[in-house]
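An overview of the molecular structure
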Amino acid sequence: MTVFMMCLSALTYAAAQNVTIDGLKYYLYPETHEAAIDNGNTWTGELELPSEISYDGETYIVKGIAHMAFRFSKELTRIKIPKTIDQVVHHVLTDDPNIAGEASSDCMNPFDGCTALESIEVEEENPIMRSIGGILFNKDGTRLYACPGGMKAESYAVPDGVTWIGFGAFSSIENLVSIELPASVSELCGGCFGGCSRLETVTLPEGITYLGAYMFRDCSSLKSIEIPKGVKNIGEQAFFGCTSLKVIDIPANVTFIGSLSFMNCSLDALVIRGVLDNRNINRSLFAGMNGQTTLYVETSEIDRYKEVFSGKILALDEYQTGIQAPTSSQDYAGYIYDLSGRRVQGTPKKGVYIQGGKKVVISGQQ
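Being a predicted model, the structure only gives us computed values, none of them experimental.

1. Focus: the pattern of salt bridges
Scanning the model with the defined rule gives 10 salt bridges in all. A salt bridge links Asp249 to Arg273, with the shortest nitrogen-to-oxygen separation between them at 2.8 Å. Of this pair, Asp249 sits in strand S20 (residues 247-250) while Arg273 sits in the loop between strand S22 (269-272) and helix H2 (283-286), and the two are 24 residues apart along the sequence.

The structure is reproduced here in structure tokens:
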């Protein structure tokens, strides 16, 4: 693998070339007779990637696959990765100095947006990857790389022992309604669940300290989210387009929230319990939010937020209110919702609810 990576950065444009063989795009390295599957492939039906190819009378071992090799190939249904592929390539496969671009090494899902893909299989002898139930993991099963976008199951439990989930690992899975993450997960890379339009529930593990950018972007069915207390940073557009969320409660340890994190949200309440960095409190943080959202912050922070937030701002101590249960939900000024965002019909039972943008605790029936 070391030789292969040296070739990626050292070969001249004249020495390597982009070719298409049997309908697939490759990048060839003549000096080592190695090849990588390039970005931008489309395929219909099942595909078994070759371990070697021939071009111009020479044989090349297929050693790499680009991180967007099959992105948005919407008719690919099954794929098998050969044992020879030991690298996901995270930059543009060309030596042309006029073309440049790199991606984070967190991107280990070459099949992002493949909405018909039902299974990712890996040849058993592959040194860096394995398939567990049609889902792509690293060899020892501690890192989850990619879940096929066309999986049929509505729920999925990530195996215990997984510690890391890659960028876009569950991106745009149309059938996924709920996902269970084990306590062993300590890192969720950006865009993990982006575009999962039917996703309603996710239990985030307590060990994570960062919610990556685009984490829940366009998860329009997400009803509720509990952010672990250990989280310190929330990446940009993390909740962009989460139109079913009614409350987002940001724990006190969070000091940074990325721009446009609440764009196109219809929140009743946004609760920020901590003190954000000065550079973080600006209009881009609240751009595109529902004008009816009530913002709850520390009393000492209210004036700072008034400069950038045009909606209603209240102190944190006004957020939780202990009350007795009414004889009917109409005794409140406005509708009552449970913590999943569902409107309560009739008399609410003992528990915690959302009413008028506030969390209310009903302590018993009258």
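2. Quick notes on the pairing of strand S5 (residues 52-55)
Sheet topology note: the S5/strand S6 (residues 58-66) ladder contains four bridges and is antiparallel. What sits directly across from Ile53, in S6, is Tyr60. Remark: two residues form the turn of the hairpin made by S5 and S6, two consecutive strands paired antiparallel; Asp56 in that turn has positive phi of roughly 55 degrees.

3. What about the packing of aromatic side chains?
Under the criterion given, the structure shown has 11 aromatic pairs. Where Tyr156 meets Phe170, the ring centres are 6.0 Å apart and the plane angle is 45 degrees; that geometry is what we call tilted. Pair noted here: Tyr156 is in strand S13 (residues 155-157) and Phe170 is in the loop between strand S14 (164-165) and strand S15 (178-180), with a separation of 14 residues, a long-range link. Taking relative accessible area as the criterion, Phe170 reaches 0% and is therefore assigned buried.

Rules used throughout
- Residues numbered from 1 in each chain as written.
- Predicted model: local features only at pLDDT ≥ 70, side-chain atom pairs only at ≥ 80, totals over all residues.
- Heavy atoms only, no water.
- Salt bridge = Lys/Arg side-chain N within 4 Å of Asp/Glu carboxyl O.
- Helix = DSSP H or I, 4+ residues; strand = E, 2+ residues; numbered from the N terminus.
- Pairing = 2+ DSSP bridges.
- Phe/Tyr/Trp six-rings, centres within 6.5 Å; stacked < 30°, edge-to-face > 60°.
- Buried < 20%, exposed > 50% of the residue type's maximum accessible area, 1.4 Å probe, protein only.

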